[in-house]
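Structure at a glance
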Amino acid sequence: MLNIAVFVSGRGSNLRAIHEAVERGALEAKIVLVLSSRDDAPAIAWASARGIPTSSLQGVSDNAVIPTVLRHLEETGTDFIALAGYMKRIPEEIVRRYRGRMVNVHPALLPSFGGKGMYGERVHEAVIAAGVRVSGATVHIVDEEYDRGPIVLQRCVPVDYADTPASLAARVLTVEHELLPEALQLFSRGMIEIRDGRVHSTK
Ligand code: GRF
């Protein structure tokens, strides 16, 4: 059983997928906090309407971010963090404290099409421009480098010749919604071990 904080910046469809997996018993976890980088993220409104504790970092000065986030995590008893469309860099202090207990979902097959500046439509534009015939979603453990931590799960989707960044994004997103709750459940069950910088599932 995990107490999960979900970090968001926007629409929150992955947050809803986590919530649905919890509701149908596919994920043994509780969402104890939804933390947003922006006040106006639809994800925040959705969570507050359901009585899930929320918090926004908008307007929090740079040097207050770390203590503010740590206070929220401690107050809510967070033992795991899921980054679900969170657009800000995670301070190293928080990465250190939650090492091996924080994952991110990325809308491509890492280590390709990731790294600084690779987010949103840009990822799918780059995939289409490269002419690759498959893309997909990746859930990985967060470390100090953008999109480089150990990979937990990946799933492919085809890239069609007629795809636009929007059509590809929509296909990848449906896979993200399966993959992120599945990955969280592996952690909840204690099935993930990290050795030599790689994930080993004890499934
Ligand atoms: C997803 O595509 C995720 O991979 C990326 O940002 C998007 C967030 O979508 N990191 P949502 O807010 O969960 O709907």
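Higher on the page you've got the structure.
The notes below deal with the structure included here.

Each value, and the rule that gives it
- Residues numbered from 1 in each chain as written.
- Predicted model: local features only at pLDDT ≥ 70, side-chain atom pairs only at ≥ 80, totals over all residues.
- Heavy atoms only, no water.
- Helix = DSSP H or I, 4+ residues; strand = E, 2+ residues; numbered from the N terminus.
- Rg over C-alpha atoms; globule rule 2.2 N^0.38 Å.
- Buried < 20%, exposed > 50% of the residue type's maximum accessible area, 1.4 Å probe, protein only.
- Areas by Shrake-Rupley, 256 points an atom, 1.4 Å probe, with all protein chains shown as cover.
- Lys, Arg positive; Asp, Glu negative; His and termini not counted.
- Charge placed at Lys NZ, Arg CZ, Asp CG, Glu CD.
- Axes fitted to C-alpha atoms, helices over the stretch in contact; angles between N-to-C directions.
- Parallel < 35°, antiparallel > 145°, perpendicular 65-115°, else oblique.
- Contact = heavy atoms within 4.5 Å.
- Nonpolar A, V, L, I, M, F, W, Y, C, P; charged D, E, K, R; others polar.
- Pairing = 2+ DSSP bridges.
- Core = buried A, V, L, I, M, F, W, Y, C linked by side-chain atoms within 4.5 Å.

1. Considering the overall build of the protein chain
The helix and strand inventory of the protein chain stands at six helices and nine strands. Computed over the C-alpha atoms, the radius of gyration of the protein chain is 16 Å, within 12% of the 17 Å expected from 2.2 N^0.38 for a compact globule of 203 residues. Along the three orthogonal principal directions, the C-alpha set of the protein chain runs to about 50 × 40 × 35 Å. A buried classification covers 47% of the 203 residues belonging to the protein chain. Of the roughly 9900 Å² that the protein chain leaves accessible, carbon and sulfur atoms contribute 50%. Separation of charge centres in the protein chain, based on 23 positive and 24 negative side chains, amounts to 1 Å.

2. A look at the packing of helix H1 (residues 13–23) against helix H2 (residues 42–49)
Between H1 and H2, the least distance of the axes is 9 Å, while the angle of their chain directions is 30°. By the angle between their axes, H1 is roughly parallel relative to H2. Along its contact with H1, which presents Leu15, Arg16 and His19, the element H2 presents Ala43, Trp46 and Ala47. Split into classes, the residues belonging to the contact of H1 with H2 amount to four nonpolar, one polar and one charged.

3. A few points about the sheet that holds strand E2 (residues 29–36)
With respect to topology, seven strands assemble into an open sheet ordered E3-E2-E1-E4-E5-E6-E7, the strand pairing being mixed. Both outer strands of the open sheet, strand E3 (54–56) and strand E7 (151–158), are each paired with one neighbouring strand and no more. Neighbour-to-neighbour, the strand axes of the sheet open up by a mean angle of 20°, direction not taken into account. The sheet contact formed by strand E6 (residues 134–141) and E7 spans seven bridges and is antiparallel. Paired with Ala137 across the two strands is Arg155, which belongs to E7. Contacting strand E1 (2–8), E2, strand E4 (80–83) and strand E5 (102–106), H1 runs over the sheet at an angle of about 165° to E2.

4. Let's talk about the nonpolar core
With 41 residues, the main nonpolar core has Ile4, Leu15, Val103, Val152 and Leu184 as its most contacted residues. When residues of this core are assigned to their parent elements, the largest contribution, nine residues, is made by helix H6 (residues 165–188). In this structure Val152 touches Val103, Val139, His140, Ile141, Ala183, Leu186, Phe187, Ile192 and Val199, once residues within four positions along its chain are discounted. In terms of nonpolar packing, the next biggest core, distinct from the first, is built from 19 residues, Leu57, Leu70, Leu83 and Met102 among them.

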